[in-house]
Amino acid sequence: MGIISSPMRGLFRIFREVADRAEAEMYDEDAVKAELMATYRQLEEGAITEEAFAEREAELVERLDEIDRHRKGKGKRGAA
Amino acid sequence: MATTGRYLYGLIRAKEDVEFGAIGLEHDGSRGRVHTVLVDSMGAVVSDFSPRERLLPLRKNLEPHNQVLKEVMRATTVIPMTFGHVARSDEEIRKTLRRHRAAITAQLERVTGAVEMGLKVKWDVDSIYDYIVGVDPELAALRDQIFGRSTAPSANEKMELGKLFEDRLNRERDEQTDRVLEMFQQSVREAKVNAPKGEKMVMDLAFLVDRDAQKAFEERVYQVAGAFPAEYVFDYSGPWAPFHFVDLDLGLDAEN
């Protein structure tokens, strides 16, 4: 019993880790915020146009909202 | 309990309160009044901000943050805070400044009378791959050997070529960066090399420059650029607050 179940558990843990890591990357709020700041700096340096900035900022804000929704969804499930 | 916190822009030397006007982040529908919270000849430049408010690095917030720093820089030396530092009260700020007094004093000394200038150098070429192959005979020989035959190159060969390309690209960057740094040595106090973003970027540098040597620095950029081939494009920016030349962790929450 122990011999059969332990490698399964090990594998399960690895899957979980991989999934968690992918999720952490996709939902890394700090990375999105850092990118917002970097994009604004580019605008200040004149490296990108007003239009390009506005478009990128909107995209990143959308991603932050997504992260927020994801986190709230998770919180509800956790509390239930 | 509704409390008004403080948004922090930076730290300065000050013995009495300094007013910078209503140029801060928006709070309660209008631009925040920027002033100082003082302790032991140090001042935190702040404006009112609710610690409960969601604070995102959007243009509407980053613009006033940078504008305040620019304004403060005009008057005195400032240790800039990165965006998003909020304290719950003046007392929290005073306690923090007292606790980090030695480090703050040391960092203020480091940047006194100086500003930060940025310098980015890019390769203005159509294909970075062709360009690097063009300046590296060994890479060119390997490419000809792999692609010059009638049989298609194997995945391993392509990987080997890719690795060598990457290696030579970085070596070229390092060599040119060293060259530029050496040429600026006499004109700057300190230099910092940031990781280049994008494959055509050669280098991304930050320099700490004496406030009254800015003009000389700008002239130096033109001289240095003139010593490089035409495909090297030099782009300088500034003056900025010395973000890259302060090393200070106050242990305050960035963001809330």
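Residues numbered from 1 in each chain as written. Chains lettered and ligands numbered in written order. Predicted model: local features only at pLDDT ≥ 70, side-chain atom pairs only at ≥ 80, totals over all residues. Heavy atoms only, no water.

This next bit is on the overall build of chain A. The secondary structure content of chain A amounts to 3 helices and 0 strands. Moving toward the C terminus, one meets the helices and strands of chain A in the order α-α-α. The buried share of chain A, taken over its 80 residues, is 16%. Put simply, 58% of the contacts in chain A that link residues at least 6 apart link residues at least 24 apart. When the accessible surface of chain A is summed, it comes to about 6,000 Å², and 59% of that surface belongs to carbon and sulfur atoms. (Helix = DSSP H or I, 4+ residues; strand = E, 2+ residues; numbered from the N terminus. Buried < 20%, exposed > 50% of the residue type's maximum accessible area, 1.4 Å probe, protein only. Contact = heavy atoms within 4.5 Å. Areas by Shrake-Rupley, 256 points an atom, 1.4 Å probe, with all protein chains shown as cover.)

Our focus in this paragraph is the environment of B:Thr105. All names here are of chain B. Relative to the elements of secondary structure, Thr105 occurs in helix α3 (residues 101-111). Accessibility expressed as a relative area gives 34% for Thr105, which makes it partly exposed. In this structure, the C-alpha to C-alpha distance between Thr105 and Leu11, residues 94 residues apart in sequence, is 9.9 Å.

Below, the discussion takes up the confidence of the model for chain A. Residue and element names in this part refer to chain A. When pLDDT is averaged across chain A, the result is 74; 59% of the residues are at 70 or more. Ranking the elements of chain A by mean pLDDT puts helix α1 (residues 2-26) last with 49 and helix α2 (residues 29-44) first with 91. Low pLDDT (under 50) marks residues 1-15, which in the prediction has 0 contacts with non-local residues, meaning those over four places away or in another chain. (pLDDT = per-residue confidence, 0-100.)

Residues and elements named next belong to chain B. A sheet is described by the order of its strands in space; here 4 strands give the open sequence β9-β10-β8-β11, paired in antiparallel fashion. Each end of this open sheet is capped by a strand with a single partner; those strands are β9 (190-194) and β11 (232-240). On average, adjacent strands in this sheet sit at an angle of 20° to one another, irrespective of strand direction. Where strand β8 (residues 114-123) meets strand β10 (residues 201-210), 9 bridges bridge the pair, whose relative direction is antiparallel. When the sheet's bridge partners are listed, Ala114 is paired in β10 with Asp210. (Pairing = 2+ DSSP bridges. Axes fitted to C-alpha atoms, helices over the stretch in contact; angles between N-to-C directions.)

Next up on the list: empty space enclosed by the protein. All names here are of chain B. Counted under the stated rule, the structure contains 1 cavity of 30 Å³ or more. If you add up the space inside the largest cavity, you get close to 70 Å³. Taken together, Asn66, Leu69, Lys70, Met73, Pro239, Trp240, Ala241 and Phe243 make up the full set of residues lining the largest cavity. Taken together, the elements giving at least two residues each to the lining of the largest cavity come down to α1 (59-75) and β11. Considering every element that reaches the lining of the largest cavity, the biggest residue donor is α1, with 4 residues. For the lining of the largest cavity, the residue count by class is 6 nonpolar, 1 polar and 1 charged. Here the lining of the largest cavity spans two domains, since at least three of its residues come from each of domain 1 (5-112) and domain 2 (115-242). (1 Å grid on protein atoms, 1.4 Å probe; cavity = no way out; pocket = protein on both sides within 12 Å on 5 of 7 lines; lining within 4 Å. Points joined across faces, edges and corners; volume = space filled by probe spheres on them. Nonpolar A, V, L, I, M, F, W, Y, C, P; charged D, E, K, R; others polar. Domains from an automatic or database assignment.)

A word on the packing of aromatic side chains. Residues and elements named next belong to chain B. According to the stated counting rule, one finds 13 aromatic pairs over all chains in the structure shown. For the ring pair Phe184 and Phe207, a centre distance of 4.8 Å and an interplane angle of 35° mean the geometry is tilted. Placement of the pair is Phe184 in helix α6 (residues 155-184) and Phe207 in strand β10, with a sequence separation of 23 residues. Here Phe184 and Phe207 have matching classes, each one buried. Put simply, the rings of Trp123, Tyr131, Phe228, Tyr232 and Phe234 touch in pairs and so form one group of aromatic residues. (Phe/Tyr/Trp six-rings, centres within 6.5 Å; stacked < 30°, edge-to-face > 60°.)

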